[in-house]
Amino acid sequence: MFVFAILFFGVMSDAGMLDPIINGVLKVVGTSPTRITMGTLFLTLLIHLDGSGAVTFMLVVPALLPLYDLLGMDKRILACMAALGAGVNFLPWVGPMIRSSAVLNISAIEIFNPLIPVQICGLALAFFFAYMLGKREEKRLRREGCDFSAGACKAELSEKQIELRRPHLFWVNVFITVGVIFVMITNILSAAVSFMIGTVLALVINYPHAKLQRARVDAHAKPAMMMASILMAAGAFVGIMKGTGMTAAMAKAIISFVPHEMTQHIPFALGIIGMPLTLFFDPDSFYFGVMPVIAEVYKNAGGNAVQIAQAALLGACTTGFPVSPLTPAPFLLVGLAGIEFGEHQKYSIPFLWMASIVMTFAAAFMGVIPF
C-alpha cells in the first residue's frame, strides 16, 4: 500500500491535480505561515474523524505539501501538525480506544466521555503550538527576504513542471482519487489493490506513452522503496519481540519495579510516560500485552481499571503513534512529506510529548485519574 500510495499521489501531483486545491487554500489562509500551520492542524482534525492515521496523512500531506514548497516553509512543520492533529484527536472508534475497550471489557463511551474536557485542553495546546510555529517560521522567512504582503513568496512553475501538468484532466484525476479513497475506506478492495489500480489509471490516463510512465515511476520510486524497506525491517523487529515473548517480559519487569505503596500513582505515571512507551511497543503489544498487566496490578491495589485505559489513551499509541518506528503510518507521513524519519522524530516528539503531559495533568486536576 505504501509503495503504490506514494507513487499514486506523486503522479497526481505531477499532473497538477493539487494546484487548484492549493490555490483555494491560499485564498483562505493567504500566504501567512501562521494561518497555514493552523489550517494544516484544523484540516487534519477534520479528516481524522474517521480514526485512520494512514488515510489522514494520505489526504493532508499531498494536498498541502505543494503550498509549503511554494512558500519555502519547513516541511517538518507540516509533518508535525499532521502528527499533532491525528495524535490528540483520539475518538471512541480509533484503534487504541477499541483495544482498551476489548481488553478491559469496558464500554468505549465509558472510557471516552470523561476524557472530552481533557482532549479539549490538548486541542487548545495543539493550536497554540501551530500558532507559535507559524509565527517562528514567518520570522525566519522574512529574514530571508520574503514579503508576504506583496506576495513575493509565490513562485511560478518551472518549464518541466508545466510540461507534466494535465489541467484538462483535473476532474478525471479528482474522480480517480475520490474513487480510490472510497474503495479503500469501504473495504471493497484492500488498500494495496486500490492504490495499485489507481496508480495504473493515473499513469495510463495522464501519461499514455511508456517513456513518460517510466520517467514518473522513476521519479517517485526511491522514497517508495525506501519506505517499503524500512517497514519490512520494522515488521521483522516487532515479530521477533512478540514471538519470543520479550514484549510481555519487558512489561512484567517494568511493573516489578513499582513499590506496592506507589500503585495508586500508576495512572498518572502511565499518562506521563505513555507517549515515549510507543517508541518501544506497537499498539497490539501495548494494549493486549502491557496494559492488561498494569490494569491487573492497579485493580489488586483497589483502583479502577478504566483509569488505566484513560491514562494510556493520553499518550500510548495516540500522541505517540505518529513518531513510532513500530507502526506503519508515520513512515507514510515522512515519505509523503519528503523528510527523514529521524528528522521528524527530533522535531515532533517534544510537541507530542508536551501535549500528552499537559493532558495528563489536566486529567488529574479534573479528577479523571488520581495524582
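Refer to the preceding data block for the structure.
In this text the structure is predicted, and so the values were computed from the model without any measurement. (Residues numbered from 1 in each chain as written. Predicted model: local features only at pLDDT ≥ 70, side-chain atom pairs only at ≥ 80, totals over all residues. Heavy atoms only, no water.)

(A) Fine view of unusual backbone geometry. If you check the backbone angles, Asn105 has positive phi at about 55° while not being a glycine. In this structure Asn105 comes out as exposed when scored by relative accessible area, which is 72%. Positive phi, normally seen in glycine, also occurs at Cys317, with a value near 65°. Locating Cys317 in the fold gives a position in the loop between α16 (305–312) and α17 (329–337). (Buried < 20%, exposed > 50% of the residue type's maximum accessible area, 1.4 Å probe, protein only. Helix = DSSP H or I, 4+ residues; strand = E, 2+ residues; numbered from the N terminus.)

(B) Broad picture of α17. By the criterion of burial, α17 is predominantly enclosed, with nine of the nine residues buried. Inspection of α17 places Ala329, Pro330, Phe331, Leu332, Leu333, Val334, Gly335, Leu336 and Ala337 among the buried residues, and these make up the whole buried set. Positive backbone phi, approximately 75°, marks Gly338, located one or two places after α17.

(C) Highlighting helix α4 (residues 53–71). Here α4 spans 26 Å end to end across 19 residues, near enough to the 27 Å set by a 1.5 Å rise per residue. Its maximal kink placed at Leu64, α4 deviates by approximately 35°, while the proline Pro66 follows within four residues. Burial analysis of α4 places 16 of its 19 residues in the buried class, which makes it a mostly covered element. Phi for Gly72, located one or two positions after α4, is positive at around 75°. (Expected span 1.5 Å × (residues − 1). Bend = angle between axes of the 7 residues up to and from the residue.)

(D) Here's a closer look at a nonpolar patch on the surface. Residues Val172, Phe182, Ile188, Leu189, Val193, Met196, Ile197, Val200, Leu201, Val204 and Ile205 make up a contiguous nonpolar surface patch of roughly 890 Å² in combined accessible area. For Leu201, the location among the structural elements is in helix α11 (residues 191–206). For Leu201, a relative accessible area of 39% corresponds to the partly exposed category. (Patch = residues over 30% accessible without salt bridge, like charges linked within 9 Å, V, L, I, M, F, W, Y side chains within 5 Å. Areas by Shrake-Rupley, 256 points an atom, 1.4 Å probe, with all protein chains shown as cover. Salt bridge = Lys/Arg side-chain N within 4 Å of Asp/Glu carboxyl O.)

(E) Looking closely at the environment of Ser32. Mapped onto the elements of the fold, Ser32 is located in the loop between α2 (19–29) and α3 (33–47). The class for Ser32 is buried, based on a relative accessible area of 17%. C-alpha of Ser32 to C-alpha of Glu138: the two residues are 106 residues apart in sequence and 7.2 Å apart in space.

(F) Examining the pattern of salt bridges more closely. The tally for this structure, following the rule as stated, stands at five salt bridges. Note that Arg99 and Asp284 form a salt bridge whose closest N and O atoms lie 2.8 Å from each other. Placement of Arg99 in helix α6 (residues 95–104) and of Asp284 in helix α15 (residues 283–300) is noted, with a sequence separation of 185 residues between them.

(G) Layout of the packing of α4 against α17. The contact between α4 and α17 brings their axes to 9 Å, and the two run at 10°. Taken together, the axes of α4 and α17 lie roughly parallel to each other. Across from Gly53, Ala54, Phe57, Met58, Val61, Pro62 and Leu65 in α4, the residues of α17 making contact are Ala329, Leu332, Leu333, Leu336 and Ala337. Split into classes, the residues belonging to the contact of α4 with α17 amount to eleven nonpolar, one polar and no charged. (Axes fitted to C-alpha atoms, helices over the stretch in contact; angles between N-to-C directions. Parallel < 35°, antiparallel > 145°, perpendicular 65-115°, else oblique. Contact = heavy atoms within 4.5 Å. Nonpolar A, V, L, I, M, F, W, Y, C, P; charged D, E, K, R; others polar.)

(H) Region of the structure containing the packing of aromatic side chains. Enumeration over the complete set of coordinates arrives at 15 aromatic pairs. Ring geometry for Phe170 versus Trp171: centroids 4.9 Å apart, planes at 75°, classification edge-to-face. Overall, the relative accessible area of 16% leaves Phe170 in the buried class. Between Tyr347 and Phe351, the ring centres sit 5.9 Å apart and the planes meet at 45°, which makes this aromatic pair tilted. On the criterion of helical spacing, the pair formed by Tyr347 and Phe351 is a turn pair, its members being four residues apart in helix α18 (residues 341–365). With relative accessibility at 12%, the residue Phe351 sits in the buried group. Clustering of aromatic rings is evident, with ring pairs tying together Phe128, Phe129, Tyr347 and Phe351. (Phe/Tyr/Trp six-rings, centres within 6.5 Å; stacked < 30°, edge-to-face > 60°.)

(I) Summary view of the environment of Ala108. In this fold, Ala108 is placed in helix α7 (residues 108–112). Between the C-alpha atoms of Ala108 and Pro92, which are 16 residues apart in sequence, the distance is 5.6 Å.

(J) Layout of the nonpolar core. Judged by nonpolar contacts, the single largest core of 109 residues is most densely connected at Met58, Leu84 and Phe286. Ranked by the residues each element gives to this core, the list is headed by α4, at eleven residues. Among residues more than four places away in sequence, those in contact with Phe286 are Leu270, Leu277, Phe281, Met291, Pro292, Ala312 and Ala316. (Core = buried A, V, L, I, M, F, W, Y, C linked by side-chain atoms within 4.5 Å.)

(K) Highlighting the packing of α15 against α16. α16 packs onto α15 with a crossing angle of 135° between their chain directions and a minimal axis gap of 9 Å. In this view, α15 runs oblique relative to α16, as classed from their interaxial angle. Between α15 and α16 lies a crossing whose hand is right-handed. In this structure, α15 uses Phe286, Tyr287, Met291, Ile294, Ala295, Tyr298 and Lys299 to contact α16, whose residues at the interface are Ala305, Gln307, Ile308, Ala309 and Ala312. Its residues placed into classes, the contact of α15 with α16 shows ten nonpolar, one polar and one charged. (Left-handed = near helix turned anticlockwise from the far one by under 90°.)

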